[in-house]
2 protein chains.
Amino acid sequence: MREHLTFPLGDFTTQHGATLRGAHLAYTTYGELNAAKSNVIVYPTWYSGRHWDNEWLIGSGMALDPDEYFIIVPNMLGNGLSSSPSNTPPPYDRARFPRITVYDQIEAQHKLVTEEFGIERIALVTGWSMGAGQTFQWAVSYPEMVERIAPFCGSPRTSLHNKVFLEGVKAALTADAVFNGGWYDEGKWPTTGLRALARVYAGWGFSQAFYWEKEYEKLGYTSLEDFLVGFWEGFFLDGRDPNNLLSMLWTWQNGDIGLTPGFDGNTEAALGSIKATTLDMPAEKDLYFPPEDEAWAVSHIPGAELRVIPGIWGHFAGGGSSPKDTEFIDTGIKELLAKPGGLA
Amino acid sequence: MREHLTFPLGDFTTQHGATLRGAHLAYTTYGELNAAKSNVIVYPTWYSGRHWDNEWLIGSGMALDPDEYFIIVPNMLGNGLSSSPSNTPPPYDRARFPRITVYDQIEAQHKLVTEEFGIERIALVTGWSMGAGQTFQWAVSYPEMVERIAPFCGSPRTSLHNKVFLEGVKAALTADAVFNGGWYDEGKWPTTGLRALARVYAGWGFSQAFYWEKEYEKLGYTSLEDFLVGFWEGFFLDGRDPNNLLSMLWTWQNGDIGLTPGFDGNTEAALGSIKATTLDMPAEKDLYFPPEDEAWAVSHIPGAELRVIPGIWGHFAGGGSSPKDTEFIDTGIKELLAKPGGLA
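Residues numbered from 1 in each chain as written. Chains lettered and ligands numbered in written order. Predicted model: local features only at pLDDT ≥ 70, side-chain atom pairs only at ≥ 80, totals over all residues. Heavy atoms only, no water.

Draft legend 1. Summary view of the environment of Pro282(A). All names here are of chain A. Among the secondary structure elements, proline 282 is positioned in the loop between strand 7 (277–280) and helix 9 (291–299). Sequence separation of proline 282 and glycine 220 is 62 residues, and the distance between their C-alpha atoms is 26 Å. If sequence neighbours within four positions are ignored, proline 282 has contacts with Cys153, Phe289, Pro291, Glu294, Leu306, Arg307, Val308 and Ile309. (Helix = DSSP H or I, 4+ residues; strand = E, 2+ residues; numbered from the N terminus. Contact = heavy atoms within 4.5 Å.)

Draft legend 2. Broad picture of the UniProt feature "active site" (unreviewed entry) in chain A. Residues and elements named next belong to chain A. Sites flagged by UniProt as "active site" (unreviewed entry) map to Ser129, Asp286 and His315. What stands out for the annotated residues spanning 187 residues is how close their C-alpha atoms remain, the widest pair being 10.4 Å apart. Of the annotated positions named here, the largest cavity is lined by Ser129. Position of serine 129 relative to the elements: it lies in the loop between strand 5 (124–128) and helix 2 (130–141). Serine 129 sits in the buried class, given a relative accessible area of 4%. Once you skip the residues sitting within four places of it in the chain, serine 129 turns out to touch Trp46, Phe152, Cys153, Gly154, Phe289 and His315. A residue is classified by how much of its surface remains accessible, and aspartate 286, at 2% relative accessible area, is buried. Dropping the residues within four chain positions of it, aspartate 286 is found in contact with Cys153, Gly314 and His315. Within the structure, aspartate 286 has its side chain in polar contact with the backbone nitrogen of phenylalanine 289 (distance 2.9 Å). (UniProt positions renumbered as here; feature names shortened; annotations may be inferred. 1 Å grid on protein atoms, 1.4 Å probe; cavity = no way out; pocket = protein on both sides within 12 Å on 5 of 7 lines; lining within 4 Å. Buried < 20%, exposed > 50% of the residue type's maximum accessible area, 1.4 Å probe, protein only. Polar contact = N/O pair within 3.5 Å; in protein donor to acceptor, adjacent residues only side chain to side chain.)

Draft legend 3. Fine view of the sheet that holds strand 8 (residues 305–306) of chain A. Residue and element names in this part refer to chain A. Across the sheet, 8 strands lie side by side as 1-2-4-3-5-6-7-8; this open sheet has mixed pairing. The open sheet has two free edges, formed respectively by strand 1 (5–13) and strand 8, since each of these has just one partner strand. Pairing between strand 6 (residues 148–152) and strand 7: 2 bridges, direction parallel. Directly across from arginine 148, in strand 7, lies its bridge partner threonine 277. Its contacts with the sheet put helix 1 (residues 102–116) on strand 1, strand 2 (19–30), strand 3 (40–42) and strand 4 (70–74), and the angle it makes with strand 1 is roughly 125°. (Pairing = 2+ DSSP bridges. Axes fitted to C-alpha atoms, helices over the stretch in contact; angles between N-to-C directions.)

Draft legend 4. Layout of the pattern of salt bridges. Across all of its chains, the model carries 38 salt bridges over all chains by this definition. Note that Glu233(A) is salt-bridged to Arg199(A), the shortest N-O span being 2.7 Å. Linking Glu233(A) in helix 6 (residues 224–237) with Arg199(A) in helix 4 (residues 191–205), this pair joins segments that are 34 residues apart in sequence. Like Glu233(A), the residue Arg199(A) is buried in the burial classification. Taking the shortest distance from any N to any O, the salt bridge between Lys111(B) and Glu115(B) comes out at 3.3 Å. Within this pair, Lys111(B) and its partner Glu115(B) are both found in helix 1 (residues 102–116), separated by 4 residues, close to a single helical turn. By relative accessible area, which is 26% here, Lys111(B) ends up partly exposed. Salt bridges sharing partners connect three or more residues here, namely Glu167(A), Lys170(A), Arg195(B), Arg199(B), Glu225(B) and Glu233(B). (Salt bridge = Lys/Arg side-chain N within 4 Å of Asp/Glu carboxyl O.)

Draft legend 5. Layout of the interface of chain B and chain A. Contacts between chain B and chain A engage 34 residues on the former and 34 residues on the latter. The tally of links between chain B and chain A comes to 4 salt bridges. Linking chain B with chain A are 6 residue pairs in polar contact (both at pLDDT 80 or more), by the criterion used here. When contributions to the side of chain B that touches chain A are tallied by element, the ones reaching two or more residues are helix 3 (160–174), helix 4 (191–205), helix 5 (208–212), helix 6 (224–237) and helix 9 (291–299) of chain B. With 8 residues, helix 3 of chain B is the single largest residue contributor to the side of chain B that touches chain A. Across the side of chain B that touches chain A, the residue classes tally to 18 nonpolar, 7 polar and 9 charged. (Nonpolar A, V, L, I, M, F, W, Y, C, P; charged D, E, K, R; others polar.)

Draft legend 6. Up close: the relation of the copies chain B and chain A. Expressed as a screw transformation, the operator carrying chain B onto chain A has a rotation angle of 180° and an axial translation of 0.0 Å, and the superposed copies differ by an RMSD of 0.0 Å. A rotation of that kind, with that shift, is consistent with a two-fold axis. Using C-alpha coordinates, one finds that chain B approaches the rotation axis most closely at Ala172(B), a distance of 2.2 Å. (Least-squares fit on C-alpha atoms with pLDDT ≥ 70 in both.)

Draft legend 7. Seen up close, the pairing of strand 1 of chain A. Residue and element names in this part refer to chain A. Alignment of strand 1 against strand 2, held across 7 bridges, turns out to be antiparallel. Bridging from a neighbouring strand, glycine 10 pairs with alanine 23 of strand 2. Between the antiparallel neighbours strand 1 and strand 2 lie 5 residues, among them glycine 17 with a positive phi of about 100°.

Draft legend 8. Local environment of the nonpolar core. Ranked by internal contacts, the top residues of the largest apolar core, which has 139 residues, are Tyr211(A), Trp232(A), Tyr211(B) and Trp232(B). Aside from chain neighbours lying at most four places away, what touches Trp232(B) is Ala198(B), Tyr201(B), Ala202(B), Gly205(B), Phe206(B), Tyr211(B), Phe227(B) and Phe316(B). (Core = buried A, V, L, I, M, F, W, Y, C linked by side-chain atoms within 4.5 Å.)

Draft legend 9. Quick look at the packing of aromatic side chains. Within this structure, the stated rule accounts for 87 aromatic pairs over all chains. The lysine or arginine in question, Arg94(A), covers the ring of Tyr184(A), its NZ or CZ lying 5.8 Å from the ring centre. (Phe/Tyr/Trp six-rings, centres within 6.5 Å; stacked < 30°, edge-to-face > 60°. Lys NZ or Arg CZ within 6 Å of the ring centre and 35° of its normal.)

Put into structure tokens, the structure is as follows:
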């Protein structure tokens, strides 16, 4: 796992009015910034992901080629590496960590990109899932700066059904009394709740057909229960702090580019303001970011293209473990990078 | 709510070898049994449903017309009215209630139908969801007795994905320590766990598009949260005993007509043995009984018809609250009843 760098955000005031004093972004970079500062890609993380979880889409010969591009991967606020419930000192620690919007995430990343590197133009923003939400937000918050966006398996506004799915995830975790309103002891995590959360998530992450075809066997899991324990419970027990998970969940549930200052909740208007050349890639059988939602989104973005990732992997088509889906996404991004940026 | 009648099952031995001494089925009937005993419809209940929850599909002028048919609605074992964890005396009470298979359910119902009423032929078995599973099981357990089946929004075998969905439901409930392995006090139910279960279920019961269209507003709910609390939490807090819910959940997760004695786990062979004229009606956007699974099932049942309920209600298309879906189902059953039975 690659070490991260730390960018001090100073006193970071959130959209909802809290101020995180001495906040920071953890990030990493791949490749070299060229002299013209014209080869920049920003690639935000997803729900509970860390910068190293994005590396599957980066490599020589791929669209995100560090031989050509300077790729910045900022960790989301709340993910445990950037300022989060788990690493913020009192009084904004743990259950008191302030609510962070997707808009806030991009404000923090914008500070990093401009103040640390003096970057004025971004060739591409891309990301999976909540990373896709951040991608849309970049294009709305900084339309004169972002040339192209390639969100995949995500949306510019969290749908009502998606919010309900997340309510189930949250309720399963917090039903464990050990959670104690977020004031669990450091040494005593609500593991029953985390395991319950994992089992709830398991139904959503992959499609019905993925399970019907026992696709998990190809990943090395020896039974359905082995997949539930080995993959899903293992995933959420792997150092994922419950308060961090709930912080990012709040960000996700409240994702909506229409809440960007100036748009007064009008998501369609925010979509219409996007100047970046857009390739939106939902997955055919994604159960919480269904492709029809993105058909709606794309219909409001000037010149945008919708390209559905075919197959049975559902949301995890964008997670990097399905070679043919990875190839599909990589090809899409290559083609997007070959096009003129929307600001050209 | 209509009172129920009680049929004593005597000492009822389950497929897994437990014996419920002095077990009983709670049931009700509509209409009159004719002299030839040729006008019988059996209409089993669904997950946590009671006989009165089936009444929306019964009425003068409908397919299930009590002026014409003798309609028997047996309550599932485990639903709180028939023998269940909540009403069985020690030692098989509560968390010790034995595991009941779908096969067991139909054995109990067969005793009722034959011993109480002397019925030898059933014109139709129909049911929603787990009621559909029992419908398939009737046709496999008693192929010489069942003339027609109309399962809707259900399946002959619980799919792996459906099992995973139910794992999430179960994990949310049991994450509440008050549940205490099923040994909670009568006066102290794990309501936090029940509410969590309800929120998990909420994402699955209706489709993504149902929420996108805010269809719940047409049902009188004033916001998404009002629907989650008012409908979903209210639903599961309405006297639904947690052990009963888990008993029925086990039955559901382990549903498979291939486990009928004689088929050795071969579901396709069990489907192939069905002699009843079959109309299988899954709902277009059902998230846990998707129509493609039923296309598979129907392909193995001689002469069976697949007819997909169109629209955005998902699984609850078959719950009786969507007038156009109810009409679709009713029309399908009318047409099925007009056809010769498979034993003709």
